[in-house]
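Structure assessment
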Amino acid sequence: MGDRWAVEVDRGVCIGSGMCVNHAPGGFALDSARQSHPAAPETDANEKVLAAAEGCPVEAITITLTGSGEVVFPPEE
Ligand code: SF4
């Protein structure tokens, strides 16, 4: 079975660029205040959501493994 990811957007950091929606249509959505949120709090591990997290200009997106809580993104420095 593949990994399951918990996806969070730090709304205090998100600047509403919409890039995550472009990278992962269906994975994220902007609300009326142009703040991003994950379409669902959990998702199957997938390249598009990872690309969205990597592409966010302000690193507002965090991905952790459900269960263990191990951080998938951002990578540890
Ligand atoms: S890419 Fe980052 S800053 Fe842009 S809308 Fe998504 S979470 Fe917000």
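Up top is the structure these notes are about.
So, here's what we can say about the structure. Source: prediction; values computed, not measured. (Residues numbered from 1 in each chain as written. Predicted model: local features only at pLDDT ≥ 70, side-chain atom pairs only at ≥ 80, totals over all residues. Heavy atoms only, no water.)

A look at the environment of Gln35
With respect to the secondary-structure elements, Gln35 resides in the loop between strand E2 (28-30) and strand E3 (36-38). For Gln35, a relative accessible area of 15% translates into the label buried. Taking the C-alpha atoms as reference points, Gln35 and Ile15, separated by 20 residues in sequence, lie 7.0 Å from one another. Discounting residues that sit within four places of it in the chain, Gln35 has contacts with Arg11, Cys14, Ala29 and Leu30. Within polar-contact distance, the side chain of Gln35 engages the backbone oxygen of Cys14 at 3.1 Å. (Helix = DSSP H or I, 4+ residues; strand = E, 2+ residues; numbered from the N terminus. Buried < 20%, exposed > 50% of the residue type's maximum accessible area, 1.4 Å probe, protein only. Contact = heavy atoms within 4.5 Å. Polar contact = N/O pair within 3.5 Å; in protein donor to acceptor, adjacent residues only side chain to side chain.)

Remarks on the nonpolar core
The biggest cluster of nonpolar side chains holds 17 residues, and the ones touching the most others in it are Trp5, Phe28, Val49, Ile61 and Ile63. For this core, the secondary structure elements donating two or more residues are strand E1 (4-9), helix H2 (47-55) and strand E5 (61-65). Tallying contributions element by element places H2 first for this core, with four residues. If near-sequence neighbours (up to four positions away) are discounted, Val49 is found in contact with Trp5, Val7, Ala24, Phe28, Thr43 and Ile63. (Core = buried A, V, L, I, M, F, W, Y, C linked by side-chain atoms within 4.5 Å.)

A few points about H2
Residues of H2 that are buried include every one of Val49, Leu50, Ala52, Ala53 and Gly55, and no others. For H2, the elements touching its buried residues are E1, helix H1 (19-23), E2, strand E4 (42-44), E5 and strand E6 (71-73). The backbone nitrogen of Lys48 lies 3.1 Å from a side-chain oxygen of the residue at the head of H2, namely Asn46.

That is the geometry; function is a separate question.
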